[in-house]
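Reading the structure
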Amino acid sequence: ISKLSAYKNLLRYFTSYYYRYVFRYLYQYKLCGNLGYEHRFAPYLKGFYTLKQFLFSNKYFDKFDKPSIESNRKRSVYIPLHWYPEATIDYWTDSPDKANYYENLFKVIRFYKDLGIDVILKEHPAFFSCREIYVYKTLKEFSNVTLLSPFVKTQDLFEVIDNIVVWNGSTGVEALMIDKNVYCTTKSYYS
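The notes below deal with the structure included here.

Moving on, we get to the pairing of strand β2 (residues 118–122). Among the five residues of β2, four are classified as buried, and the element is accordingly described as predominantly covered. Relative to β2, strand β1 (residues 76–80) runs parallel, the two sharing five bridges. Opposite Val 77, over in β2, you have Val 119 as the bridge partner. Pairing of β2 with strand β3 (residues 145–148), which is carried by four bridges, proceeds in the parallel orientation. In the sheet register, Val 119 faces β3, and the bridge partner there is Val 145. Following the backbone out of β2, through helix α6 (residues 133–140) and into the adjacent parallel β3, one traces a crossover that is right-handed.

Turning next to helix α8 (residues 170–177). Residues of α8 that are buried include every one of Thr 171, Gly 172 and Ala 175, and no others. Around the axis of α8, the buried residues are gathered within 100 degrees of arc, so they sit on the same side. Residues of α8 that are buried sit in contact with β1, α7 (154–160), β4 (163–166) and β5 (181–184). Among the residues trailing α8, Asp 179 stands out with phi positive, at a value near 65 degrees.

Time to look at the nonpolar core. The biggest cluster of nonpolar side chains holds 25 residues, and the ones touching the most others in it are Ile 79, Leu 105, Ile 109, Val 119, Leu 121, Leu 139 and Leu 147. When residues of this core are traced back to their parent elements, those giving at least two are β1, α5 (101–114), β2, α6 and β3. The dominant element in this core, judged by the number of residues it contributes, is α5, at seven residues. Setting aside chain neighbours within four positions, we find Leu 105 in contact with Ile 79, Leu 81, Leu 121, Leu 139 and Trp 167. Counting 13 residues, the second largest nonpolar core, distinct from the first, contains Leu 148, Leu 157, Ile 161 and Ala 175.

Moving on, we come to the environment of Ile 120. Along the polypeptide, Ile 120 turns up in strand β2. Taking relative accessible area as the criterion, Ile 120 reaches 2% and is therefore assigned buried. Those residues within four positions of Ile 120 in sequence are excluded, and the remaining contacts are Ile 69, Val 77, Tyr 78, Ile 79, Thr 146, Leu 148, Leu 157 and Ile 161.

A separate point is the packing of α5 against α6. α6 packs onto α5 with a crossing angle of 15 degrees between their chain directions and a minimal axis gap of 11 Å. Taken as axis vectors, α5 and α6 run roughly parallel relative to one another. The crossing of α5 and α6 is right-handed. Of α6, the residues touching α5 (which contributes Tyr 102, Leu 105, Phe 106 and Ile 109) are Tyr 134, Val 135, Thr 138 and Leu 139. A breakdown of the residues in the contact of α5 with α6 according to their chemical character gives seven nonpolar, one polar and no charged.

Turning next to the pattern of salt bridges. Counted under the stated rule, the structure contains 10 salt bridges. For Arg 24, the salt bridge identified is with Glu 38, shortest N-O distance 2.6 Å. Here Arg 24 is found in helix α1 (residues 3–31), whereas its partner Glu 38 is found in helix α2 (residues 37–40), with 14 residues between them in sequence. Since its relative accessible area comes to 24%, Arg 24 is described here as partly exposed. Residue Arg 131 is joined to Glu 123 by a salt bridge in which the shortest nitrogen-to-oxygen separation is 2.6 Å. Within the structure, one salt-bridge network assembled from shared partners comprises Glu 70, Arg 73, Lys 74, Asp 162 and Lys 180.

So, on to the pairing of β1. The buried count for β1 comes to five of five residues, which makes it a mostly enclosed element. Burial along β1 is two-sided: the residues Ser 76, Tyr 78 and Pro 80 and Val 77 and Ile 79 are all buried.

Conventions adopted
- Residues numbered from 1 in each chain as written.
- Predicted model: local features only at pLDDT ≥ 70, side-chain atom pairs only at ≥ 80, totals over all residues.
- Heavy atoms only, no water.
- Buried < 20%, exposed > 50% of the residue type's maximum accessible area, 1.4 Å probe, protein only.
- Helix = DSSP H or I, 4+ residues; strand = E, 2+ residues; numbered from the N terminus.
- Pairing = 2+ DSSP bridges.
- Right-handed = clockwise from strand over helix to strand, strands pointing away.
- Arc of directions from axis to C-beta.
- Contact = heavy atoms within 4.5 Å.
- Core = buried A, V, L, I, M, F, W, Y, C linked by side-chain atoms within 4.5 Å.
- Axes fitted to C-alpha atoms, helices over the stretch in contact; angles between N-to-C directions.
- Parallel < 35°, antiparallel > 145°, perpendicular 65-115°, else oblique.
- Left-handed = near helix turned anticlockwise from the far one by under 90°.
- Nonpolar A, V, L, I, M, F, W, Y, C, P; charged D, E, K, R; others polar.
- Salt bridge = Lys/Arg side-chain N within 4 Å of Asp/Glu carboxyl O.

The structure is reproduced here in structure tokens:
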């Protein structure tokens, strides 16, 4: 994703959130009683909605140190962060225990930490500055986590890492096509 596209997306997400919040949630749901999903849950379906996300999210990203990751490729896994909320990683999973993406993500990271395996995370390219800051803070509390910017190319990561962990998404399919080890945390359309 280009930075220009990312900034355009931010503007679109920002205006969309406040339109949905005011028109769908406050007016149509609260005032008119419309119980439709888009109306009732509008405050929760948010990406970029506060400048705090834009101003502070970049400080949590680590530098992409390709040689360092490559030197530890056998003791590392790559986990692409998913768009959230997203049906394929929360309520369409194979178990209700996996419905909370962040709780499940933290559990998977802890699992790898206990095994002495480093976790390389990369923000979703279309989710730049859309994730809540508390998620980045929590991720950075793990000593085995490297958090990369969405502008790092996935193909560059594939050059230096062999093991990919996914819930769903195109990264797992791309990894399978180039003979990488793909581990699914839930049953997906290619698991």
